[in-house]
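Observations on the three-dimensional arrangement
Here is how the chains run, residue by residue.
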Amino acid sequence: LLSFELARSSERARILLSAIVVIAAAHAALGLAMFYFDVDLQSWLMPDPRPVSGRLASPFINPNHLATFTGLGALCALGLLMEGLTRNVVWDRGRKIMVRTLLQALTGSVAMWFAATAVLLSALLLTQSRGGVVAFLVGAIALVAALALGRGGSGASGAISRRLTFVPMIVV
């Protein structure tokens with residue numbers, strides 16, 4: 001109920017999604033650091049050492065819980081990435097202008113969402129959670145369908161929605 005009230009305006013919804021992405025990316029980055037530097041922060045909180053499983057768990061004890069959290073964060077980051085690309089890329093003035101504005105967007109204002117998506121997806125895959133990956137894929141398909149239906153139309157806007165439909169599939 002609180003998130004429904006907070007997300008009534010698009011600006012507050014963007015802030016809420018941004019907060020989810022930042023928190024999830026911080027957990028994923030901490031987990032990746034723990035995984036690659038072989039640091040066990042869980043033993044500071046629990047008397048038993050963490051079981052050696054080769055799966056990324058981050059501050060979560062169970063890797064499946066981290067997979068759910070990073071999947072949610074990755075979907076939010078992917079949505080913000082798609083929204084940023086829709087606003088910043090010129091899609092209907094030829095291939096050269098589209099590639100130039102796409103590169104400008106990916107190295108400028110949208111770079112943070114692109115990097116967060118990459119970190120979250122790599123953490124999701126390192127959890128080795130089949131359910132988490134399947135849930136993310138189902139969510140990505142629903143996101144693509146919502147974007148295609150919400151931005152459908154003829155002319156330039158229809159072309160934009162058709163092109164944006166393929167970006168999450170390429171990422172996945």
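Below or above, wherever it landed, is the structure these notes cover. (Residues numbered from 1 in each chain as written. Predicted model: local features only at pLDDT ≥ 70, side-chain atom pairs only at ≥ 80, totals over all residues. Heavy atoms only, no water.)

Here we look at the environment of Ala135
- As for its position among the elements, Ala135 is in helix α7 (residues 130-150).
- Along the chain, Ala135 and Ala67 lie 68 residues apart, while their C-alpha atoms are 9.3 Å from each other. (Helix = DSSP H or I, 4+ residues; strand = E, 2+ residues; numbered from the N terminus.)

Here's the deal with the pattern of salt bridges
- Scanning the model with the defined rule gives three salt bridges in all.
- Across the salt bridge formed by Arg14 and Glu11, the nearest N and O atoms sit 3.0 Å from each other. Note that Arg14 and Glu11 are positioned in helix α2 (residues 10-37) at a spacing of three residues, about one turn of the helix.
- On the accessibility criterion, Arg14 (27% relative accessible area) is partly exposed.
- For Arg14, the salt bridge identified is with Glu83, shortest N-O distance 2.9 Å. Of this pair, Arg14 sits in helix α2 while Glu83 sits in helix α4 (residues 63-88), and the two are 69 residues apart along the sequence.
- A relative accessible area of 17% means that Glu83 is categorised as buried.
- A cluster of three or more residues bridged by salt bridges with shared partners is formed by Glu11, Arg14, Glu83 and Arg87. (Salt bridge = Lys/Arg side-chain N within 4 Å of Asp/Glu carboxyl O. Buried < 20%, exposed > 50% of the residue type's maximum accessible area, 1.4 Å probe, protein only.)

Considerations on α4
- For α4, spanning 26 residues, the distance from its first C-alpha to its last is 36 Å, which sits close to the expected 38 Å at 1.5 Å a residue.
- Backbone nitrogen of Asn64 and a side-chain oxygen of the N-cap are separated by 3.1 Å at the start of α4; the cap is Asn62. (Expected span 1.5 Å × (residues − 1). Polar contact = N/O pair within 3.5 Å; in protein donor to acceptor, adjacent residues only side chain to side chain.)

Here we look at unusual backbone geometry
- Positive phi values are uncommon outside glycine, yet Gln128 reaches one of about 60 degrees.
- Topologically, Gln128 is positioned in the loop between α6 (111-126) and α7.

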